[in-house]
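# Remarks on the overall topology
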Amino acid sequence: MTVGAAGGGAAGGGTAGGGGGSSDSSQALFDRARAVIPGGVNSPVRAFRSVGGTPRFIASGAGSRLTDVDGNDYVDYVCSWGPLILGHAHPDIAAAAKAAIDKGSSYGAPTAAEVELAETITEAVPGVGMIRCVSSGTEATMSAIRLARGATGRDKVLKFAGHYHGHSDALLASAGSGVATFGLPDSPGVTAGAAADTIVVGWNDRAGVESAFAKEPEGIALVVCEPVAANMGVVPPDPGFLEFLRDITASHGALLLFDEVMTGFRLGRGGAVSHFGVIPDLVAFGKVVGGGFPLAAFGGRVDLMRRLAPEGPVYQAGTLSGNPVAVAAGLAQLRLLDDEAYAGLQRRADRLIRGLSDAFAGAGVAAQIQRVNSMFSVFFANEPVRDYDAAKATDHGRYARFFQGMLARGHYLPPSGYEAVFVSLAHSEADLDATIAAAKDVAPELVA
Ligand SMILES: *Cc1c(COP(=O)(O)O)cnc(C)c1O
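Rules of the game
- Residues numbered from 1 in each chain as written.
- Predicted model: local features only at pLDDT ≥ 70, side-chain atom pairs only at ≥ 80, totals over all residues.
- Heavy atoms only, no water.
- Helix = DSSP H or I, 4+ residues; strand = E, 2+ residues; numbered from the N terminus.
- Expected span 1.5 Å × (residues − 1).
- Buried < 20%, exposed > 50% of the residue type's maximum accessible area, 1.4 Å probe, protein only.
- Contact = heavy atoms within 4.5 Å.
- Polar contact = N/O pair within 3.5 Å; in protein donor to acceptor, adjacent residues only side chain to side chain.
- Axes fitted to C-alpha atoms, helices over the stretch in contact; angles between N-to-C directions.
- Parallel < 35°, antiparallel > 145°, perpendicular 65-115°, else oblique.
- Left-handed = near helix turned anticlockwise from the far one by under 90°.
- Pairing = 2+ DSSP bridges.

## Brief notes about helix 11 (residues 324–336)
Here helix 11 contains 13 residues, and its C-alpha end-to-end distance of 19 Å stays within 8% of the 18 Å for a straight helix at 1.5 Å per residue. When we look at burial in helix 11, the residues that qualify are P324, V325, A326, V327, A328, A329, G330, L331, A332, Q333, L334 and L336. Along its buried surface, helix 11 packs onto helix 2 (91–101), helix 3 (112–124) and helix 12 (339–363). Its side-chain oxygen at 3.1 Å from the backbone nitrogen of V325, N323 defines the N-terminal cap of helix 11.

## Structural notes on the packing of helix 2 against helix 11
Contact pair helix 2 / helix 11: the axes reach a minimum separation of 8 Å and the direction vectors enclose 150°. As far as their axial angle goes, helix 11 and helix 2 are roughly antiparallel. For the pair helix 2 and helix 11, the sense of crossing is right-handed. Counting all contacts with helix 2, which are made through D92, I93, A96, A97, A100 and I101, the residues of helix 11 involved are P324, V325, A328, A329, A332, Q333 and L336.

## Details of the sheet that holds strand 14 (residues 421–422)
With respect to topology, three strands assemble into an open sheet ordered 11-12-14, the strand pairing being antiparallel. Both outer strands of the open sheet, strand 11 (368–372) and strand 14, are each paired with one neighbouring strand and no more. Alignment of strand 12 (residues 375–379) against strand 14, held across two bridges, turns out to be antiparallel. The residue of strand 14 that forms the bridge with F376 is V421. Taken strand by strand, helix 12 contacts strand 11 and strand 12, and its axis lies near 170° from that of strand 11.

Written as structure tokens, this is what we have:
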């Protein structure tokens, strides 16, 4: 695609910095919201609890920008928590969704576009021979676990501390991100039975994985991981760790699921599977595949996928699964993600990360910027972060001050130090340079 086709920073006038204004209208909405929506939000991290202050209620997005209900303008690095890899309101995606909706919003019957989406994903991702669409990443991983249990006849699932796979019961143990933000080790309402079948091991901890398999040599149905952890900040796998997971699962008759809800079509068209060259049995997709609509999917080995109803006995279904408007939007986004697009994302991330590193180094602030391609996070720590304990031990108070300083200057970073920063193709060089300048301004305030 043509880099900058999304309009770049032009939508916001090319300069950042409207963020410092009033938040009165956001505050008024937040007050109303808290009376009728728990915590005032429909997903916890939106409430700004870990950074404090008033969550901004958003009126519109265009290209790289968000505009809130008080008229403040922000360069957005949340990008709806990952999906908006082309920026807000990309004209091709908007046109595809509008064209689809004019033909009817849902049929509850199959469509040609679903076939095209499944063909697009299976062509892009090695080892994924079939796809089933669902409506959220939570559903994708939850369904993949049922399939793995059904296929192996085993109950146990091994996950890694700090990895988030959505909010289904079996996976809501040591789940990073929103859960980490609130310091809830486990959620009330998750039964002891559900938790008992979930084994939690430290990320990058080979000995921990080996000892779990030694204890349950034939009990583990599935090992699930984010191939690049991105819900405890960005924590890549140690070299060889994914290969190790591939080998140990295969040798024990267990399955391997890569939860690529974050990394799929973000690290590249082939996601983490292609990036690392490790082929799991199952892959979960979400976020980027839906183009900003409620669309997710899971897929993998054909022999496993054929065990799903109606071909096989493992039940899985959804009234709005493969929704035609969402599929049209997702396809429109995936069509634009070619090599040139990923090279453009890489260049933007290079520029931003270099600038932020200089800003922190210049002020003498110890920071670890951990990155895989166009996804990164900022940890205020002296040493690289390899696991969840280390992520928790970083200076989250300092992150909150960094976030607030940047927000006041018109730059919208993730409102938690456990979340990833995303660049999109809509970020212009002027946007990135304005963000770097703001960080240079804020960094000295972080020394105290
Ligand atoms: C966001 C996310 C999920 C959950 O997806 P939802 O669409 O929010 O249900 C699952 N896994 C990973 C890795 C994610 O980042």
